[in-house]
Amino acid sequence: MSGEHAGLLGVLIAVLGGAIRVGTPFLFVSLGECLTEKSGRINLGLEGNLVMGAMSGYAISYLSGSAWLGVLAAGLAGALLGALHALLCQQRNVNDIAVGIALMLFGTGLAFFLGKAFIQPTAPRLPAIALGGWSGSPVVRAALEINVLFVIGALLAPAMGWFFRNARWGLMVRTVGESTDAALAMGLDVNRVRFFSTVAGGFLAGVGGSFLSLYYPGSWNEGLSSGQGLMAVALVIFARWNPVSCFYASLLFGGAAALGPALQSVGITWGYYLFNAAPYVLTLLIMIATSSSRRTLTGMPGAFTR
Amino acid sequence: MRLLEPLLIPLAALVVSLLLFGVFVALAGHNPLQVYHSIYRGAFGSWFSWQNTLVRASPLMLTAMCTALPARVGLIVIGGEGAVVVGALAAALVGIGLNGVFAPVAVIGLMLLAAMACGGLWVAAVGALRHYRGVNETISSLLFNYIAIAILNFLVIGPLRDPASLNKPASVPIGSDNMIGNIAESSVHWGLAYGLLACLTLWLVVRRSTMGFAMDVIGGNPRAAYLAGLPVGRLVILACLLGGAAAGVAGMLEVAAVHGRLSSSVNAGYGYAGILVAFLARHNPLAIIPVALLLGGIRASGGLLQRSHDLPDATVLVLQGIIFLVILASESLYGRTPLSQRPGVTR
Amino acid sequence: MKRRSLLKGIVAAGAASAVAGLGSRAAWAQSKVRMGFIYVGPRDDYGYNQSHFEGKSAVARLDWVKAVDEENVPETIEVVKTMESMINLDGAQVLFPTSFGYFDPHILKVARKYPEVKFLHCGGLWDASKHPRNVGSYFGYIDEPVYLAGIVAGHASKTGKLGYIAAIPIPQVLRNINSFTLGARSVNPQITTQVVFTGGWSNPVKEAESANSMVDQGIDVLTCHVDSPKVVVETAEKRGVYCCGYHTDQSALAPRGFLTGSEWNWAKVYIDYAELIRANAEIPNLVRGGLREGIVKSSGYGPAVSAAAKQAADAVRQKFMDGSMVVYKGPIKDNTGKLVIAEGVEHGQTDITLESMDWLVEGVIGTTKG
């Protein structure tokens, strides 16, 4: 059992497994944010949805005995916060980014407040699908212990891409995001489209939170999220508002987060704080490289060009 | 009458948020009136509580500026946290390096300058990226925060670590002579004066100078500003520079007035709260003073809520969140209240 | 009677020179003993903060004690204000700020301002020559049960590779890692301990990721020194490897793979202090103690622990109990090959020099540098 998987191959597999494990919450939050931003609003508060989702998912799973009810509850909690964001932002002069920050504060505060009672108990967790059964190596098998939520997320990404390109509703969302004037000319209710996009986005972010508490790392406490919800917002820009790219970007971020511990576990111990900063530096560099004041980003909703 | 709006709307919003919060604590099984009383007692009920509030308000005044000033040119920057860290780092390096070389007054002055310069440049980079490369300033400033914190942690546990700092990795002290003391006999350090001074100065810049006027033009309509021949890029970067410099001072205060050295705790969480203060003050440097006092007071009362009502510490987070949300929602009321005599002409 | 003699017995250097200011305060005798507790994290984190909260709850049950506490207090000016607030608003006579980072500069600063209040810090190294007399520190030799856990881990491991997930490289963490490793290597000198520093006291995703990476590398016993061991213990169980708990009893979280764990028993410390204060007695500035004094203990053995392992660990436990066990006995090399404790040199558990440990023992894979 030992030896065969030591060294860099082990790191590679660990990073791959980590990409999936750590990346799944990123995936859900970024898909949610992508949907919201396509409709022309930024919801910076998805960190609040994520934490609130993690808490309510764990709480409901514990109280009901069903982890899947927990996931649903997490989504609903996220949707509620999303609805709050949408309703506030459609008022005149109300800044969507500021509301996002406020909701982040409110969501995490509420989750911590209500979540006190659920730090101790052990709730039923989500099961995993063993996709690595073919392999003789326990390492590969462990890396391929895939959660159903990841599969759903992986399918959701191309589905959302298709939705934006081909579905009528998808076109509506895009039109509203590209140009309010055009949307009004087409007789679309801008606020309503944005409302549903933000609520659905909030739902997805809540589900992403339930992955944290119900699967990986799989418990509820106040330090559970280290800002994944905030990072996911950055990730959407990184992925240029393309749901399929969100999927790849989430894996990349997840893998980058797994890199530090993986390198230390084979004895490369220098500068782990700097390795921990890798995802941020990477995003920043790519943002700088792909932005230009002359050229609007491909895929960027029109409402974002000021 | 319209002059009353900026005063009455936030006050009404505050009352509404307190009522909502009252409902919340009542649902959680506590007597709202007693909780209100404790908040008052913990924040403003005695000279002791006032000092408690003031000492928390001063860094908030400074970090709020990091969001308020860029907001005047239309940028939403949330990089106060990073600027605090960078300012603290710069101040600590200067303080350690010059400890005993120059007189304390000079060391403190140089620490201040270094913190302002580094905090300012850190956030100015965000503004420059926005202006010249079109990089979203909100996201880039967020990333800058994480990067600054990672650099701080790396330095504190690695190259800058004082071997004598046993169970809390930290740099060597900057020397007790180089510390900023408390105001008179109080337990409030001189950082309060720095905060007030920054608010007043920047208010004058924003409200009374041509530059401030030009910034407002840019914030209102960048295209018009271009057409009017304003140096948009320079002003955008300058606004970020000033905001970052203010937040850098908050970092310097953590080193020179609180910790006396560099440790991971110099990042004391004032950056994100500062964003809240800036928005509540509608990016007006003068209004930041009372808002920072209010927020400082709420935070100061958190401990008493825990100890006398057995409420979790997240209670004050919830209260801050509610106030923030209600005040933001109240933004839509400006120009629509009965106080605004000629509706429709506004904005 | 026993307790008093215990406290006296375990007081190390400096106690004699320390005269508590409390002696003069006879007025307090009629009223309750008022104690304030401050935690850096949530009260119920399944770990460090919870262990103190449990201690506080135990002492608060005494009808002549009034105890207040505050959670999630950061190591900034916040803790200064919390301490002052407990003194001024709650009339606290003695404060227990429990996080390492509270000590310098915060406690030292406030203690000078309130000479009549006692500040007892968990883990700090009180120094008679530098620190105010109304400051004291208490800590437990938790590395004793950790050493025992190392013995059990050494017996349980088939791959000879152990994993330690730690927050940051500070002396108390390093001492635990070293004692664990020395315990394991007393069973099998070929055993290695891989260390991963997560960089923070509470970072569940990194802790889980570190645990997974280490299991991928063939490590088959995991333990940790972070604020809440819950994630590490549960991840180990999920991956089917053994684990040792820390801070509190985590056996329920890993019914199959849990071997043993190291727990605090702060209730004992806090009740002792409360009684000293009530009796207006002098409070020692340094209180230390291990298994023998009951300040720390081992969690019960899990089902996976072999009889031989139990026997070996219990034999050493006996030596800790009678005071004959010395963990740090030369020659000991660090993991860079340098001789850190020379042949013939012994550092007993009470030796204060062990509390500024900055090296990792031979057999540990990792570095103390960031």
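All values derive from a computational prediction rather than experimental measurement.

Parameters at a glance
- Residues numbered from 1 in each chain as written.
- Chains lettered and ligands numbered in written order.
- Predicted model: local features only at pLDDT ≥ 70, side-chain atom pairs only at ≥ 80, totals over all residues.
- Heavy atoms only, no water.
- Helix = DSSP H or I, 4+ residues; strand = E, 2+ residues; numbered from the N terminus.
- Rg over C-alpha atoms; globule rule 2.2 N^0.38 Å.
- Contact = heavy atoms within 4.5 Å.
- Areas by Shrake-Rupley, 256 points an atom, 1.4 Å probe, with all protein chains shown as cover.
- Lys, Arg positive; Asp, Glu negative; His and termini not counted.
- Charge placed at Lys NZ, Arg CZ, Asp CG, Glu CD.
- Expected span 1.5 Å × (residues − 1).
- Bend = angle between axes of the 7 residues up to and from the residue.
- Buried < 20%, exposed > 50% of the residue type's maximum accessible area, 1.4 Å probe, protein only.
- Salt bridge = Lys/Arg side-chain N within 4 Å of Asp/Glu carboxyl O.
- Pairing = 2+ DSSP bridges.
- Buried area = accessible area lost by both parts, 1.4 Å probe.
- Polar contact = N/O pair within 3.5 Å; in protein donor to acceptor, adjacent residues only side chain to side chain.

Undergrad: Whenever I open this one, the overall build of chain A confuses me. Can you help?
TA: Summing up its helical and strand segments, chain A has 13 helices and two strands in all. Taken against the 2.2 N^0.38 rule, which gives 19 Å for 306 residues, the C-alpha radius of gyration of chain A at 20 Å falls within 12% of a compact globule. Structurally, chain A occupies a C-alpha span of about 65 × 50 × 35 Å along its principal axes. Nonlocal contacts in chain A, meaning residues at least 24 apart in sequence, comprise 75% of its contacts between residues at least 6 apart. Of the roughly 10,800 Å² of accessible surface on chain A, 68% is carried by carbon and sulfur atoms. Across chain A, 16 positive and 10 negative side-chain charges occur, with their mean positions spaced 5 Å apart.

Undergrad: I'm lost on helix α3 (residues 47-72) of chain B in this one. Help?
TA: Note on helix geometry: an α-helix contains 3.6 residues per turn, so any two residues three or four positions apart are oriented the same way. All names here are of chain B. Taking 1.5 Å of rise per residue, the 26 residues of α3 would be expected to cover 38 Å, and the 36 Å separating its terminal C-alpha atoms lies within 8% of that figure. At Met65, α3 shows its largest bend, some 30°. Counting buried positions along α3 yields 24 of 26 residues, so the element is predominantly enclosed. At the C-terminal side of α3, Gly74 shows a positive phi close to 90°.

Undergrad: Help me understand the pattern of salt bridges in this model?
TA: Inspection of every chain in the model, using the stated rule, returns 26 salt bridges over all chains. Between B:Glu331 and B:Arg282 there is a salt bridge whose closest N-O contact spans 2.9 Å. With a gap of 49 residues between them, B:Glu331 in the segment after α13 (314-330) and B:Arg282 in the loop between α11 (270-280) and α12 (285-309) connect regions that are remote in the sequence. Given a relative accessible area of 13%, B:Glu331 falls into the buried group. Residue B:Arg282 is classed as partly exposed on the basis of its relative accessible area of 29%. Of the charged contacts in the structure, one is a salt bridge between C:Arg292 and C:Glu293, with a shortest N-O distance of 3.8 Å. What you see here is one network of salt bridges that share partners, running through A:Lys116, A:Glu222, B:Asp313, C:Arg43, C:Lys56, C:Asp69 and C:Glu71.

Undergrad: What should I look at first to understand the sheet that holds strand β6 (residues 161-166) of chain C in this one?
TA: In a beta sheet, neighbouring strands pair by backbone hydrogen bonds and run either parallel or antiparallel. Residues and elements named next belong to chain C. Read from one edge of the open sheet, seven strands run β12-β10-β9-β8-β6-β7-β17, paired in mixed fashion. With one partner strand each, in any of the chains shown, β12 (296-298) and β17 (364-365) form the two edges of the open sheet. Sheet topology note: the β6/strand β7 (residues 192-197) ladder contains six bridges and is parallel. Bridged to Leu162 within β7 is Thr193.

Undergrad: Looking at this model, I keep getting lost on the interface of chain A and chain B. Mind explaining?
TA: For an interface, size is often stated in terms of accessible area lost upon the parts coming together. Of the residues lining the interface, 47 residues belong to chain A; the matching set on chain B comes to 49 residues. Note on chain A versus chain B: buried area summed over both sides is about 4,200 Å², and carbon and sulfur give 76% of it. In this structure, the connection of chain A to chain B is made through one salt bridge. Counting across the chain A and chain B interface gives three residue pairs in polar contact (both at pLDDT 80 or more). Listing elements by their share of the side of chain A that touches chain B, those giving two or more residues are α3 (67-89), α4 (96-115), α10 (228-238), α12 (272-276) and α13 (278-290) of chain A. If you tally residues by element for the side of chain A that touches chain B, the top one is α4(A), at 12 residues.

Undergrad: Looking at this structure, I do not really get unusual backbone geometry. What am I missing?
TA: Negative phi values dominate among residues other than glycine, just as trans dominates among peptide bonds. Cis rather than trans, the peptide bond between A:Tyr216 and A:Pro217 has omega equal to 0°. If you trace the backbone, A:Pro217 turns up in the loop between α9 (190-214) and α10. Going from C:Asp104 to C:Pro105, the amide bond is cis rather than trans, its omega being 10°. Relative to the elements of secondary structure, C:Pro105 occurs in helix α4 (residues 103-113). Positioned with a positive phi, A:Arg240 is a non-glycine residue whose angle comes to about 50°. Along the polypeptide, A:Arg240 turns up in the loop between α10 and α11 (243-265). For A:Arg240, a relative accessible area of 29% gives the class partly exposed. Backbone geometry at C:Asn72 places phi at a positive 50°, although glycine is not the residue there.

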